[in-house]
Amino acid sequence: MNPLLDFSALPRFDTIKPADVQPAIAQLLEENRALVNRLTGKNVAATWAGFVAPLTDGLERLARAWGIVGHLHAVNDVPEWREAYNAMLPDVSRFFAELGQNLNLFTRYKALRASDEYADLSLARRKIVDNEVRDFRLSGAELPADKKPRFQAISEELASLGAKFSENLLDATNAFSELVSDAAELSGLPDDVLEAAREAAQKDGLAGWKFTLHMPSYLPVMQYADSRRLRAAMYRAYATRAAEFGPPELDNAPLIRRILELRREEAQLLGYANYAEVSLVPKMAESVPQVLAFLRDMAARAKPFAHKDVAELRDFARQELGLATLESWDVGYASEKLLQARYAFSEHEVKQYFTEDKVLAGLFHAVESLFGVCLKPDSAPVWHPDVRFFRIETRSDENAKDNAGELIGQFYIDLYARDTKRGGAWMDEAITRRRVSDKTLAADGVQSPVAYLNCNFSRPVGEKSGQPLPATFTHDEVATLFHETGHGLHHLLTRVDELGVSGIHGVEWDAVELPSQFMENYCWEWSVVRELTAHVDTGEPLPRALFDKMVAARNFQSGMQTLRQIEFSLFDLLLHTDFDASDEQTSVAELLAQIRREVAVLVPPEWNRFPNSFSHIFAGGYGAGYFSYKWAEVLSADCYAAFEEAGNPFDAAVGKRFLDEILAAGGARPALENFRAFRGREPQIDALLRHCGMDGMISA
Ligand SMILES: [Zn+2]
C-alpha cells in the first residue's frame, strides 16, 4: 500500500519515497474530482451530512497527503523531493482553483444556509457554512452574468500588475551598484560585509568593493559606513527605485494608479464603496473608521515619545558625530552609534547562556504551568535524525485518575538549519483535530492534532573534555521558538470538532498572530529567562544586569518605529478608501505628504518614492491590511496584560481562561468575541504602549 494513502496514524516518514507522490496524489485528485461531481449532482441534498461532511472527508485526505509532500519539500529539498513536489504542484493548484470557482458548490452552501437545518447546526458548523458563502461571494460568484466577465478580467489584470510591480522593483534593485575603489571610504563597515563586497566586484572583473541595494549589502552601509557620501548615494538610489528617474519601463507609478483603480472597480462590482471595505470583510477589524481611529489614537500616544527619540538622536549626532543636520541617510548610522553608546552588550555573550536543553525545558515548563498540561518525549518516524518528537497530555491528577495522561496532541521539533531546508521558522499542521465517524481514523472518535515546528538555528559545534557542547541560541532565536510554539499551541490545544474552524483554520488573519506574539512575552519575563538559561561553561543563569540591558535595547526608539508603522498603515488604508485614482487631480504623493504632516517625526526628502517599492500592499496580500501587524500586537500585548494584572505571568485562572476562550476556540467564533470572552472588554492599546516603554510621563 502507498504510505501516503495511510491516514490511520502519524505520517510514515520512514517509508514514504518520492516515487509514492505521483500515484498517491493523482489518485486523491481523481477521487476528489469524482466526489465533487457526485455531491453537486441533481439528487444530492444540501445537508451537512449529505454534502459538507463527505466533501470535508475527501478534501482532508488530499490536504493531509499533499501536506506531507509539501513538508518534505520544505525540510528535505533534495533533487528527488523537489522533482516529486514540482511534478504534482500544477495539478494540485489547478484543482483548488477550480474548487474556488465551482458555482455548484456555492449553490449548495447557500441552499444549506437558507434551509431549516442551518438553525440547528452547531456554532462551528454554521461558521464554516458562513465562511464558505462569504469567500465565494468575495470571489465574484454572486455577480449577475453580465458582470462576471468584467470581474474576471479585473482579477486577471490585477494578478499580472502585482507580478509586474515586483519584477520592476527587482529589476530596479538589480540595476544599481556602487563601486568603491578608495579603501578610505570603507571605514566602519564590518569585515564580512567588506569581503562580500570585494568578491562581488571581483565577479565583475573589477578591483575595489561593490555595494548593491540588496539588504545584506545595503543595510550594513546605512548602519555602519562612516562615509556620508557613500550612505547618501546608496540611500538616494534605494529611495528612488522603480520611479520616474530611472528607465520608464521600470516606473511603478502608473501601475500603482491602475491597481488602485481596478481594486476600486472590483469593490464596487461587489457592492462595496471601496477596496478597504472588501479587505475588512474576512478580517477581525470591523470597519474603516474603526481602524483609522485605532491608528490615529496610537499615533497620538506614541508621538511625544517619537519626538523625544528624534531629539536625542539629533543631539547625539551633532555632539558625538559632528553631524549638524540629521539627513535621512544619517538616521540608521547615528541610531546604531547611539544604541552602542547606551546599551552596548555582546550578543555573543548572551548566546552562551541559552543552551538547547535548558531552553526547551524552560519553554515546556512555561507551557505546562500556563495551560495545565504535561509535555513528554514521544516517538515517531521522522524525516531527519535531528528531529525530536513530543506529546501533550492532560496533567495527571491524583484525585481524578480516570482522565490522567490523556493524549491531547503531538508535535515534531526540527531546530537546526540544513542546506536542504527552507529558511526562516514556521509552524505547520500535519493532522488537525476533529471529530470523525470513521473508527479507523480515531478509535475514540476524536482525531488528535499533530504539528511541525521548524526553525533554522545553528547546530551544536565543538566539544569540551571529550563531550559535545550543546547548541546555543541567540535571544532572537529563543523568541522565534516561543513564537512558533504559540502557533503550535493554537493548533494543538483546540477543542473544536469541525475541521474547517479547528485550530488555526478559519481564524481571521489580523488575529492569527495573537497566540504566537503572546508567547514571545514569556522570553522577556525575568523568572522565565532565569529558567531558560545555563551558561555553556559555568551553568550559571543569565546575570540580571545583562538582562536589563537587553530589555532597554528592546525598546530603543520604539516611538519612532511605531510612528513609521502607523504612517505606512494609514497610507495603505486611505489609499484604498476615498482616494480615487481615476481622477487625475488626485496625487498619491500628496496623500502621503498629508499623512506625514499628521504623524511623521522624520520626513524623508521630497524625491523619496517610497510608494513605488511598497510591495506589501501592491504586490503582496496586504492591500488595505498593513495595519494587521499593529492590530495583532495590540491583541497579544493586551492578553498578556491580563496576567500582569493578576500579578503572575502563570496565574492559573487567567491561563485557563486564555486556553478556553482563545486557544481552544480556534476559528469557531469570531476573534473579537474570543477576545472579549477572555478579557471581558474590547481590546485596548495601553498594554502594547507600556511594553514598548511608551507609558507614563516624558521627562525633559
Ligand atoms: Zn507568526
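Predicted model only: the values in this text are computed from it and were never measured. (Residues numbered from 1 in each chain as written. Predicted model: local features only at pLDDT ≥ 70, side-chain atom pairs only at ≥ 80, totals over all residues. Heavy atoms only, no water.)

(A) Inspection of the overall build of the chain at higher detail. On a plain count of helices and strands, the chain comes out with 27 helices and 11 strands. Radius of gyration (C-alpha) of the chain: 27 Å, near the 27 Å computed for a compact globule of 700 residues. Principal-axis analysis of the C-alpha atoms places the extent of the chain at approximately 80 × 75 × 55 Å. Each of the 700 residues in the chain was classed as buried or not, and the buried ones make up 51%. Across the chain, contacts joining residues at least 24 apart in sequence account for 73% of those joining residues at least 6 apart. Element-wise, carbon and sulfur atoms account for 52% of the exposed surface of the chain, whose accessible area totals about 31300 Å². Counting 75 positive and 102 negative side-chain charges, the chain places the averaged centre of each group 2 Å from the other. (Helix = DSSP H or I, 4+ residues; strand = E, 2+ residues; numbered from the N terminus. Rg over C-alpha atoms; globule rule 2.2 N^0.38 Å. Buried < 20%, exposed > 50% of the residue type's maximum accessible area, 1.4 Å probe, protein only. Contact = heavy atoms within 4.5 Å. Areas by Shrake-Rupley, 256 points an atom, 1.4 Å probe, with all protein chains shown as cover. Lys, Arg positive; Asp, Glu negative; His and termini not counted. Charge placed at Lys NZ, Arg CZ, Asp CG, Glu CD.)

(B) Representation of the coordination of the zinc ion in the model. Protein coordination at the zinc ion comes from H483 (NE2), H487 (NE2), E513 (OE) and E513 (OE), with a distance range of 2.1 to 2.7 Å. Around the zinc ion sit 4 donor atoms; with metal-centred angles ranging over 51 to 140 degrees, the donor geometry is irregular. Going along the chain, you hit the donors of the zinc ion in the pattern H-x3-H-x25-E. One end of the pair is H483 and the other is H487, both in helix 17 (residues 475–492) and 4 residues apart, which spans about a single turn. Across the pair, H487 and H483 agree in class, each one buried. (Donors = N, O, S within 2.8 Å, 3.2 Å for Na, K, Ca; no water. Tetrahedral: all angles 85-135°; square planar, octahedral: opposite > 155°, others 65-115°.)

(C) Structural detail: the pattern of salt bridges. This structure, assessed with the given rule, holds 51 salt bridges. The shortest N-O distance in the salt bridge between R388 and D357 comes to 3.9 Å. Note that R388 is positioned in strand 4 (residues 388–394) and D357 in helix 16 (residues 356–371), a separation of 31 residues in sequence. Given the relative accessible area of 30%, R388 is considered partly exposed. K464 is the partner of D537 in a salt bridge, and the nearest nitrogen-oxygen pair spans 3.7 Å. (Salt bridge = Lys/Arg side-chain N within 4 Å of Asp/Glu carboxyl O.)

(D) Broad picture of the packing of helix 7 (residues 148–175) against helix 11 (residues 253–269). Where helix 7 contacts helix 11, the two axes come as close as 10 Å, and the packing angle between them is 155 degrees. Comparing their axes, helix 11 and helix 7 come out roughly antiparallel. For helix 7 against helix 11, the interelement crossing comes out left-handed. Between helix 7, through R150, F151, I154, S155, E157, L158, L161, K164, F165 and N168, and helix 11, the contact on the second element is made entirely by L255, I256, R258, I259, L262, R263, E265, E266 and L269. Per-class residue counts for the contact of helix 7 with helix 11 are 10 nonpolar, 2 polar and 7 charged. (Axes fitted to C-alpha atoms, helices over the stretch in contact; angles between N-to-C directions. Parallel < 35°, antiparallel > 145°, perpendicular 65-115°, else oblique. Left-handed = near helix turned anticlockwise from the far one by under 90°. Nonpolar A, V, L, I, M, F, W, Y, C, P; charged D, E, K, R; others polar.)

(E) Geometry of the nonpolar core. One finds F371, F411, F518, Y522 and F658 to be the most contacted residues of the largest nonpolar core, which totals 141 residues. Sort the elements by how many residues they give to this core and helix 13 (residues 288–321) lands first, with 14 residues. With sequence-adjacent residues up to four places away left out, Y522 is seen in contact with L370, F482, V528, Y640, F643, P649 and F650. Judged by nonpolar contacts, the second largest core, of 61 residues, contains W66, L121, A430 and Y452. (Core = buried A, V, L, I, M, F, W, Y, C linked by side-chain atoms within 4.5 Å.)

(F) Structural view of the sheet that holds strand 6 (residues 426–431). Taken in spatial order, the 5 strands of this open sheet run 3-4-5-9-6, and their pairing is mixed. Bordering the open sheet on either side are strand 3 (373–377) and strand 6, each of which pairs with just one other strand. Taking the axes of each pair of neighbouring strands and ignoring which way they run, one obtains an average angle of 25 degrees across the sheet. Direction of pairing for strand 4 relative to strand 5 (residues 407–416): antiparallel, over a ladder of 6 bridges. Looking at the pairing, F390 lines up with F411 of strand 5. Along the sheet, helix 16 makes contact with strand 3, strand 4 and strand 5, crossing strand 3 at roughly 150 degrees. (Pairing = 2+ DSSP bridges.)

(G) Examining the packing of aromatic side chains more closely. For the coordinates displayed, the defined rule picks out 46 aromatic pairs. Their ring planes at 50 degrees and their centres at 5.6 Å tell us that F518 and F643 sit as a pair that is tilted. Here F518 is found in helix 18 (residues 514–520), whereas its partner F643 is found in helix 24 (residues 628–645), with 125 residues between them in sequence. Ring pairs connect the aromatic residues F371, F518, Y522, Y640, F643, F650, F658 and F678, which therefore count as one cluster. Across from the ring centre of Y333, 4.0 Å away, lies the NZ or CZ of R231, which sits over that ring. If you follow R236 out to its NZ or CZ, it ends over the ring of W607, 3.9 Å from the centre. (Phe/Tyr/Trp six-rings, centres within 6.5 Å; stacked < 30°, edge-to-face > 60°. Lys NZ or Arg CZ within 6 Å of the ring centre and 35° of its normal.)

(H) Just the packing of helix 10 (residues 228–239) against helix 14 (residues 328–343), in detail. Closest axis-to-axis distance for the helix 10/helix 14 pair is 8 Å, and the angle between their directions is 120 degrees. When the axis of helix 10 is compared with that of helix 14, the two are oblique. The handedness of the crossing between helix 10 and helix 14 comes out as right-handed. Contacts from R228, R231, A232 and Y235 in helix 10 reach S328, W329, D330 and Y333 in helix 14. Among the residues forming the contact of helix 10 with helix 14, the class breakdown is 4 nonpolar, 1 polar and 3 charged.

(I) Region of interest: helix 20 (residues 544–554). Turning to helix 20, its buried residues number three or more, namely L546, F547, M550 and A553. Taken down its axis, helix 20 places every buried residue within 125 degrees of arc, on the same side. Those residues of helix 20 that are buried lie in contact with helix 14, helix 15 (347–351), helix 17 and helix 19 (526–532). (Arc of directions from axis to C-beta.)

(J) Just the pairing of strand 2 (residues 209–212), in detail. The alternating pattern of strand 2 places W209 and F211 on one face and K210 and T212 on the opposite face, and all of these are buried. Across 4 bridges, the pairing between strand 1 (residues 177–180) and strand 2 is antiparallel. When the sheet's bridge partners are listed, S177 is paired in strand 2 with T212.

(K) Representation of helix 24 within the structure. Compared with the 26 Å implied by 1.5 Å per residue over 18 residues, the 26 Å span of helix 24 between its first and last C-alpha is a close match. Among the 18 residues that make up helix 24, 14 are buried, leaving the element largely enclosed by the rest of the structure. Phi for G647, located one or two positions after helix 24, is positive at around 80 degrees. (Expected span 1.5 Å × (residues − 1).)

(L) Seen up close, the side chain of N2. Among the secondary structure elements, N2 is positioned in the segment before helix 1 (21–39). Only 3.0 Å separates the side chain of N2 from the backbone nitrogen of L4, close enough to count as a polar contact. With residues near it in sequence (within four places) discarded, N2 still touches D20, P23 and A24. (Polar contact = N/O pair within 3.5 Å; in protein donor to acceptor, adjacent residues only side chain to side chain.)

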